[in-house]
Amino acid sequence: MRPLVFILLLANIAPLPAQQASGPWTPPSDSATHVRQESPFQRLDLPAANAMRTGSGAPGPGYWQQRVDYVIRASLDTVAQRVSGDERITYHNRSPDTLRYLWIQLDQNLFKSSSRGYRLFDQDSRFGTRGAEGGVTLTKVNAPALPASSGRPAQRAVPLEYQVNGTLMRVDLPRPVPPGGRQLIDIGWSFPFGPNSNRMGIELVDGGYVYEVAQWYPRLAVYDDVRGWNTEQYLGQGEFYLEYGSFDVSLTVPANMLVAATGTLQNSAQVLTAAQRNRLSRARASDSTVIIRGKDEISDPASRPLSRSGTLTWRFTADSVRDFAWAAARHFIWDAAGANGGKTLAMSFYPPSAEPVWNQSTQYVRFAVENYSSWYPYPYPVAINVNGIEGGMEYP
């Protein structure tokens, strides 16, 4: 978890003269306007209530929000240190506007010398890119082929016109998407890992790499009622404003690796041993931490299912989330415990050298989920801590 840092700003206060004359306070020359702007008791200048938002700021009867669903198939090449993927995006236009193009974020384009973030920050600073020369390679941006349905003729796959501007890409649509309509887009892409460690990256520890993968897939920029398209460049230091939707993600990695990811694992029988599946089931009902794959099992081939191809594909799904991140390593220790009566599975993944401290991590996760749920119930099926190169970042 990210450490909390408190910064105290101390103002220099000069002493008042010993014989300062008393008398009524006189406002500055611009009088009432200045007083109103500087007073801590001034009334907030808020927009008037309307159909979109009530006077309290809560959503009104006319509020809308776009939705984006992703199906992603990606693979990790540990020799080339590269991730490649194909994804299908289903964009649901719930706005009252007709959209003629979509803006898509290509966050990995931060990690090259032509990016704005590269030029703004010192390379060795917290938000520096460490001189990485990566970026996204696009292999296709298409409107997919569709079968005939409901009187609509079949459509063949059509390459779409697009323009890349830094960490953003504008995709021109073959036909406008009306209110209530939807648009499907297929994108093929890849990117390399580099020396960067800004919110994601790889770390060589205990003789193996830990991969933490985030800001990794092309994802929709937000279209809202306040600003329309939100098209700020990703500079490395900001958090993320994204649309909610569903994710169906398949990750193909070397068979000796364990994977932690957003959402619920859908094919445990294919990627876990029978013993590991039984331990996970026991952990969900346990307040105490249960070891799913222990330190003494890391070098044991029996701790991973057999694979003729040398790879295994892990499939995760999640709904009503705005992002997806994952981590992988061949030498993860993995433990888990139940939280909120088993509604959530608290888990931790960490390399062997971290075990003396991280063997308590899952209990910290469990404590946080249960205690904060007294304010608002934690809505998701898993909560995971991963020990890797990123010092503190949160994803669904």
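Definitions and cut-offs
- Residues numbered from 1 in each chain as written.
- Predicted model: local features only at pLDDT ≥ 70, side-chain atom pairs only at ≥ 80, totals over all residues.
- Heavy atoms only, no water.
- Helix = DSSP H or I, 4+ residues; strand = E, 2+ residues; numbered from the N terminus.
- Contact = heavy atoms within 4.5 Å.
- Areas by Shrake-Rupley, 256 points an atom, 1.4 Å probe, with all protein chains shown as cover.
- Phe/Tyr/Trp six-rings, centres within 6.5 Å; stacked < 30°, edge-to-face > 60°.
- Buried < 20%, exposed > 50% of the residue type's maximum accessible area, 1.4 Å probe, protein only.
- Salt bridge = Lys/Arg side-chain N within 4 Å of Asp/Glu carboxyl O.
- Core = buried A, V, L, I, M, F, W, Y, C linked by side-chain atoms within 4.5 Å.
- Pairing = 2+ DSSP bridges.
- Axes fitted to C-alpha atoms, helices over the stretch in contact; angles between N-to-C directions.
- Arc of directions from axis to C-beta.

1. Details of the overall build of the chain
Right, so step 1: Secondary structure assignment for the chain yields six helices and 22 strands.
Right, so step 2: The contacts of the chain with a sequence gap of at least 6 include a subset with a gap of at least 24, amounting to 73%.
Right, so step 3: When the accessible surface of the chain is split by element, carbon and sulfur atoms take 54% of a total near 21,500 Å².

2. A closer look at the packing of aromatic side chains
Right, so step 1: Tallied over the entire structure, the rule returns 22 aromatic pairs.
Right, so step 2: Where Phe191 meets Phe193, the ring centres are 5.8 Å apart and the plane angle is 70°; that geometry is what we call edge-to-face.
Right, so step 3: Residue Phe193 is classed as buried on the basis of its relative accessible area of 11%.
Right, so step 4: Judged by centre distance (6.1 Å) and plane angle (45°), the rings of Tyr350 and Trp358 are tilted.
Right, so step 5: Note on Trp358: relative accessible area 19%, which makes it buried.
Right, so step 6: Three or more aromatic residues joined by ring pairs make a cluster, and in this case those are Tyr70, Trp189, Phe191, Phe193, Tyr209, Tyr211, Trp216, Tyr217, Phe247, Phe324 and Trp326.

3. Focus: the pattern of salt bridges
Right, so step 1: Tallying each qualifying case throughout the model produces 14 salt bridges.
Right, so step 2: Two residues, Arg219 and Asp323, come together in a salt bridge whose shortest N-O distance is 2.7 Å. In this pair, Arg219 is assigned in strand E11 (residues 219-220) and Asp323 in the loop between strand E18 (311-321) and strand E19 (326-329), connecting sequence segments 104 residues apart.
Right, so step 3: In this structure, a network of salt bridges that share partners links the residues Arg67, Asp69 and Asp319.

4. A few points about the nonpolar core
Right, so step 1: Core analysis: the largest hydrophobic core is formed by 82 residues, its most contacted members being Trp189, Trp216, Phe324 and Trp326.
Right, so step 2: Not counting residues within four places of it along the chain, the set of residues in contact with Trp216 comprises Ile72, Ala74, Val83, Gln108, Trp189, Phe191, Val249, Leu251, Phe324, Ala325 and Trp326.

5. Some points on unusual backbone geometry
Right, so step 1: Phi at Ser320 takes a positive value of approximately 60°, unusual for a residue other than glycine.
Right, so step 2: With respect to the secondary-structure elements, Ser320 resides in strand E18.
Right, so step 3: In this structure, Asn340 is a non-glycine residue whose phi angle is positive, near 50°.
Right, so step 4: One can find Asn340 in the loop between strand E20 (333-339) and strand E21 (344-350).
Right, so step 5: By relative accessible area, which is 21% here, Asn340 ends up partly exposed.

6. Side note on the pairing of strand E15 (residues 258-261)
Right, so step 1: Alternating positions in E15 separate into two faces, Leu258 and Ala260 on one and Val259 and Ala261 on the other, with burial throughout.
Right, so step 2: In this sheet, E19 lies alongside E15 in antiparallel orientation, the contact comprising four bridges. In the sheet register, Val259 faces E19, and the bridge partner there is Ala328.

7. Considerations on the pairing of strand E2 (residues 82-92)
Right, so step 1: Pairing of strand E1 (residues 67-77) with E2 involves 11 bridges; the strand directions are antiparallel. What sits directly across from Val71, in E2, is Arg88.
Right, so step 2: Between E1 and E2, which pair antiparallel one after the other, the connecting turn spans four residues, and Gln81 there sits at a positive phi close to 55°.
Right, so step 3: Note that E2 and strand E8 (residues 182-192) share 11 bridges and pair antiparallel. When the sheet's bridge partners are listed, Gly85 is paired in E8 with Trp189.

8. Focus on the side chain of Gln108
Right, so step 1: Of note, Gln108 is situated in the loop between strand E3 (99-105) and helix H2 (116-120).
Right, so step 2: The contact partners of Gln108, leaving out residues within four places of it in the chain, are Gly135, Val136, Phe191, Met200, Ala214, Gln215 and Trp216.

9. Observations concerning the sheet that holds strand E10 (residues 208-213)
Right, so step 1: Spatially, four strands are ordered E9-E10-E19-E15 in an open sheet, and the strand pairing comes out antiparallel. In this open sheet, the two strands that pair with only one neighbour each are strand E9 (201-205) and E15. Within the sheet, the average angular offset between the axes of one strand and its neighbour, ignoring direction, is 15°.
Right, so step 2: Here three bridges tie E10 to E19, and the two strands are oriented antiparallel to one another. Residue pairing across strands places Glu212 opposite Ala327, the latter belonging to E19.

10. Structural notes on helix H4 (residues 274-284)
Right, so step 1: Three or more residues of H4 are buried, namely Gln276, Leu280 and Ala283. Taken end-on, H4 shows its buried residues confined to a sector of 65°, consistent with a single buried face. Opposite the buried face of H4, at more than 90 degrees from it, the exposed residues are Asn278 and Ser281.
Right, so step 2: In this structure, the buried residues of H4 make contact with strand E17 (290-293), E20 and E21.

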